[in-house]
Amino acid sequence: MKILKFGGTSVGSAERMKAVASLILNGEPKIVVLSAMSGTTNALVQIAETLYQNKHDEAKALIQALHDKYKQVVEELYTSDEKKKQANELLKQHFEYLNAFTLDLFTIHEERAVLAQGELLSTALFQFYLEEQGEKSVLLPALNFMKVDENEEPDSAYIAQQLQKELEKHPGVELFITQGYICRNAFGEIDNLKRGGSDYSASLIGAAVDAQEIQIWTDIDGMHNNDPRIVKNTHPIAELSFDEAAELAYFGAKILHPSSVKPAKQKNIPVKLLNTMQPEAKGTTISTKTESGKIKAVAAKDGIIAIKIKSGRMLLAYGFLRSVFEVFERYKTPIDMITTSEVAVSLTIDNAKHLNEILAELKEFGQVEVDQDQTIVCVVGDFIAERSGSGLAVFQSLQNIPLRMISYGGSKNNISVLVNTSDKIEALTKLNDGIFNGNEAHA
């Protein structure tokens, strides 16, 4: 069985839904995971915000506008009056449900239920379309099997067990449709997967059924070797290892969330990144295979804060770094990069929520310096420490750009440098020229 996930742009209109249907109808057994139609989740977030503020008339207007948009999709998606009637009845139920929140208090639990409506609508409308086309498919409610535990981590054993039960209810069926992103929490309430969203759903489902492969369909033809919005002449990467893909995702490649392929990696299931607008394009395959000794890609992560703690007490003092890290642990603030010297430690964070409290505690250790508006530029590939010259092309490319920090050797998959955000475009462009000249990467 294959798992195919389609993002919001891929199902963003009646025309796109029809295109997705033509992609999946090839007789292979599969579970299709759908996001909400593009724009829907943002609209639902806006509705939830107005409900929080008790702006009920404004919320009603937003709900009506979204309802009207979906009525238009129904008109364009179906040809039979019977299916249009069925789909409009479904819309009526969902939007009456949303309007009910304008009559009472609104809490975080209701917000999650509101946000779930997008995926519930896209999958139901898509299932109706397949039925109208005479296809034998089944809508699997993700809320019947997708669950997170009290730590908000997926309950993999429960997911596998319950999903198997759902599939066994439909012997002979080879095409299933389900929702991405949404789940139930440890208390049985409607919730969502947060990190990785629908990609995470697809990976979890793939691991639960020991899938042959997982396909993530977006509007980009795979993961590129540099940011195509900034740098000219980028190209999709044919093959990446799971570790390389995770590094790129963590350090700024928007096409994938770093958590989303973990379940696939654990079960060694290949993940393909494909383009619904160009289905013939090869895209990117993420697996255990990779080309050794090759630089694959560059990514950049903005919004970074660099913190330097300088202390005479650090010299020869065991326990110093532990004490520093405990400050960040208390405020649940992850560290991205770290470099040390005998009297100082520099590190970066990407979450400023508790910055003032963190700095106040760090000042107890010594002198603290802070640099904001920083960017981590990450170069990913197979860097073999034993072979000399691995990073030469990287540092030669960046020789005229001020580097605030360098991280090399923590992983054989990446070299990271910290630059001023104002230097990011130049850094990405110089790396593209220096490393990928002629589309060849030389480590």
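Along each chain, residues carry numbers from 1 onward, in the same order as the chain's sequence is written. Given that the model is predicted, a residue must reach a pLDDT of at least 70 before its local features are reported, and side-chain atom pairs must reach 80 or more before they are shown or counted; all residues, however, enter totals for whole chains, interfaces and linings. Each side-chain value is worked out from all heavy atoms of the structure, with water and hydrogens disregarded.

The name recorded for the protein chain in an unreviewed UniProt entry is Aspartokinase, from Pontibacter mucosus. For the protein chain, the Catalytic activity (unreviewed entry) comment in UniProt is given as "L-aspartate + ATP = 4-phospho-L-aspartate + ADP". UniProt positions are given in the numbering used here, feature names are shortened, and annotations may be inferred rather than shown by experiment. Reading the Sequence similarities (unreviewed entry) entry of the UniProt record for the protein chain gives the comment "Belongs to the aspartokinase family."

Draft legend 1. Structural detail: the UniProt feature "binding site: substrate" (unreviewed entry) in the protein chain. Within this structure's numbering, the places UniProt gives as "binding site: substrate" (unreviewed entry) are Thr 41 and Glu 119. Of the residues just listed, which span 79 residues, no C-alpha pair is farther apart than 8.8 Å, and they cluster in one region. Turning to its location among the elements, Thr 41 is positioned in helix α2 (residues 40-52). Exposure categories follow from relative accessible area, calculated using a 1.4 Å probe and restricted to protein chains: below 20% of the type maximum is buried, above 50% is exposed, and the middle band is partly exposed. Residue Thr 41 is classed as partly exposed on the basis of its relative accessible area of 26%. Helix numbering and strand numbering both begin at the N terminus, where a helix is a DSSP run of H or I of at least 4 residues and a strand a DSSP run of E of at least 2.

Draft legend 2. A look at the pattern of salt bridges. When a carboxyl oxygen of Asp or Glu is within 4 Å of a side-chain nitrogen of Lys or Arg, the pair counts as a salt bridge. Across all of its chains, the model carries 21 salt bridges by this definition. With a shortest N-O distance of 2.9 Å, Lys 5 and Asp 199 are connected by a salt bridge. Of the two residues, Lys 5 is situated in strand β1 (residues 2-6) and Asp 199 in helix α8 (residues 197-208); the sequence distance between them amounts to 194 residues. When sorted by exposure, Lys 5 lands in the same class as Asp 199, which is buried. For Lys 267, the salt bridge is made with Asp 210, and the minimal N-O distance between the two is 3.0 Å. Here Lys 267 is found in the loop between α10 (262-266) and β9 (271-275), whereas its partner Asp 210 is found in the loop between α8 and β7 (213-218), with 57 residues between them in sequence. Residue classification places Asp 210 among the exposed residues on the basis of a relative accessible area of 53%. The structure contains a network of salt bridges with shared partners spanning Lys 2, Glu 28, Glu 213 and Lys 272.

Draft legend 3. Seen up close, the packing of aromatic side chains. Ring pairs shown here join Phe, Tyr and Trp side chains whose ring centres sit within 6.5 Å, with only the six-membered ring taken for Trp; geometry is labelled stacked below 30 degrees between planes, edge-to-face above 60, and tilted in between. Applying the stated criterion to the full structure yields seven aromatic pairs. Here the aromatic rings of Phe 6 and Trp 217 are separated by 5.7 Å at their centres, their planes lie at 20 degrees, and the arrangement is stacked. On the criterion of sequence distance, the pair formed by Phe 6 in strand β1 and Trp 217 in strand β7 is long-range, its members being 211 residues apart. We note that Phe 6, like Trp 217, is buried. Their ring planes at 70 degrees and their centres at 5.8 Å tell us that Phe 320 and Phe 365 sit as a pair that is edge-to-face. Taken together, the residues span a long stretch of sequence, with Phe 320 in helix α11 (residues 320-330) and Phe 365 in the loop between α12 (355-362) and β14 (367-381) at a distance of 45 residues. Under the relative-accessibility criterion, Phe 365 is labelled buried at 16%. What links up through ring pairs into an aromatic cluster is the set Tyr 52, Tyr 97, Phe 101 and Phe 106.

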